Amino acid sequence: MSSIADNLKRIQDRIASACARCGRDPASVTLVAVSKFHPAESVAEALAAGQATFGENRVQEAAGKFPGLRARHPGLRLHIIGALQTNKAREAVRVADVIESLDRPRLAEALAEAMAREQRRPGLLVQVNTGLEPQKAGIAPGALEDFLGLCRETHGLPVEGLMCIPPAGEDPAPHFALLAGAAARLGLRTLSMGMSGDFEEAIAHGATHVRVGTAIFGDRPAM
Ligand SMILES: *Cc1c(COP(=O)(O)O)cnc(C)c1O
């Protein structure tokens, strides 16, 4: 069994190689270590190995795990990457540095309200449903420009970029290309795409953030 530190080193090496293949600076890609379902001890192990940025799906789980670690690691950055209920918006704004799952007008409104109340402004990414999957969250690519306008003009939200989760079992490349094209057209700099199975492909398409869980922490314990 390999340790979390070994796994992190391997992933960083693979990120560097992927960057070299397409002439990118490895510093332009941030590894988001997805620690959902894994205990705070595993996160602490990753922190000790130099990993600073983490991703969690559930606000509740993140709120239980991270405040203690943050006190000891001021450089820690937490991304919320999972579906967010509007009644969790305030807690999300309290714990997150970036929320990657802004996916509907009602949530934009709730986050704007929460940011005003908490006097805290995490960065925001809009989740895009690149595969137009009915069961999946996200803004349809064709509705993105209007949604971005609503976020910025109506709610004054700090939207920095886009995020996607391509359909399972499909070639992710066209989805990464679609997301990168949309970001370029809309002048957005941050592109969160790519997971354990396809982060190198995502880097080739311009990912600035890759979200890797299993390849770092191993299989997720059953909940
Ligand atoms: C769980 C999760 C990941 C990490 O997936 P792995 O295949 O374990 O690397 C990335 N992004 C999101 C949105 C997730 O929910």
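Per-chain numbering applies: the sequence of each chain, read as written, is numbered from 1 onward. Confidence filtering applies because this is a predicted model: local features only for residues at pLDDT of at least 70, side-chain atom pairs given and counted only at 80 or more, and all residues used for totals across whole chains, interfaces and linings. The side-chain quantities take in all heavy atoms of the structure and omit both hydrogens and water.

What follows covers the UniProt feature "modified residue: N6-(pyridoxal phosphate)lysine" (unreviewed entry) in the protein. UniProt positions are given in the numbering used here, feature names are shortened, and annotations may be inferred rather than shown by experiment. In the numbering adopted here, UniProt assigns the feature "modified residue: N6-(pyridoxal phosphate)lysine" (unreviewed entry) to Lys36. Here Lys36 lies in the loop between β1 (30–34) and α2 (40–48). Setting aside residues no more than four positions away along its own chain, Lys36 makes contact with Gly55, Glu56, Asn57, Glu61, Lys65 and Arg220. Helix numbering and strand numbering both begin at the N terminus, where a helix is a DSSP run of H or I of at least 4 residues and a strand a DSSP run of E of at least 2. Residues are treated as being in contact if the distance between any of their heavy atoms lies within 4.5 Å.

This part takes up the pattern of salt bridges. Any carboxyl oxygen of Asp or Glu that lies within 4 Å of a side-chain nitrogen of Lys or Arg is treated as forming a salt bridge with it. Tallying each qualifying case throughout the model produces eleven salt bridges. One salt bridge connects Arg104 with Asp103, and the closest N-O pair in it is separated by 2.8 Å. If you follow the salt bridges from partner to partner, you end up with Glu56, Glu61 and Lys65 in one network.

Below, the discussion takes up the packing of α2 against helix α3 (residues 59–72). Close contact between α2 and α3 brings their axes to 10 Å; oriented N to C, the two are set at 35 degrees. The interaxial crossing formed by α2 with α3 has right-handed handedness. Side by side, α2 and α3 meet where Ala40, Val43, Ala44 and Leu47 of the first sit next to Lys65, Phe66 and Leu69 of the second. Among the residues forming the contact of α2 with α3, the class breakdown is six nonpolar, no polar and one charged. Where helices are involved, their axes are fitted lines through C-alpha atoms of the stretch in contact, as for all axes, and angles between N-to-C directions lie from 0 to 180°. Definitions for this section: a left-handed crossing has its near helix turned counterclockwise from the far helix by less than a right angle. A right-handed crossing has that turn clockwise. Residues were grouped as follows: Ala, Val, Leu, Ile, Met, Phe, Trp, Tyr, Cys and Pro as nonpolar; Asp, Glu, Lys and Arg as charged; and all remaining residues, including Gly, as polar.

A separate point is the side chain of Asp198. On the secondary structure map, Asp198 appears in the loop between β7 (190–192) and α8 (199–204). Note on classification: 1.4 Å probe, protein chains only; a residue is buried when its accessible area is under 20% of the maximum for its type, exposed when over 50%, partly exposed between these limits. In summary, the charge assignment counts Lys and Arg as positive and Asp and Glu as negative, without counting His or the chain termini. The side chain of Asp198 is buried and forms no salt bridge, while Arg211, the nearest opposite charge, is found at 7.2 Å. Counted as a polar contact is a pair of N or O atoms within 3.5 Å, where, for protein atoms, one must be capable of donating a hydrogen and the other of accepting one, and residues adjacent in sequence contribute only when both atoms are in side chains. Side-chain polar atoms of Asp198 contact the backbone nitrogen of Met195, separated by 2.7 Å.

This brings us to the packing of aromatic side chains. Stacked, tilted and edge-to-face are the three classes applied to pairs of Phe, Tyr and Trp rings, where Trp contributes its six-membered ring and a pair requires centres within 6.5 Å; stacked means planes under 30 degrees apart, edge-to-face means over 60, and tilted covers the rest. Tallied over the full model, the rule gives one aromatic pair. Both rings, one in Phe54 and one in Phe66, keep their centres 6.0 Å apart while their planes meet at 50 degrees; by these two values the pair is tilted. Highlighted residues: Phe54 in strand β2 (residues 53–56) and Phe66 in helix α3, separated in sequence by twelve residues. Exposure class is identical for Phe54 and Phe66. Each is buried.

Here the focus is the site of the ligand. What surrounds the ligand is the set Val34, Lys36, Asn57, Ile81, Ile165, Met195, Ser196, Arg211, Val212, Gly213, Thr214 and Arg220. Contact between the ligand and Asn57: an oxygen atom at 3.2 Å from a side-chain N or O atom of the residue. Only the protein chains shown count as cover for residues, and the accessible areas themselves come from Shrake-Rupley with a 1.4 Å probe. When isolated, the ligand has an accessible area of 390 Å², and the protein chains bury 88% of it. Tallied by class, residues from the shell around the ligand come to five nonpolar, four polar and three charged. For this description, a residue counts as near a given molecule or strand if any of its non-hydrogen atoms is within 4 Å of it.

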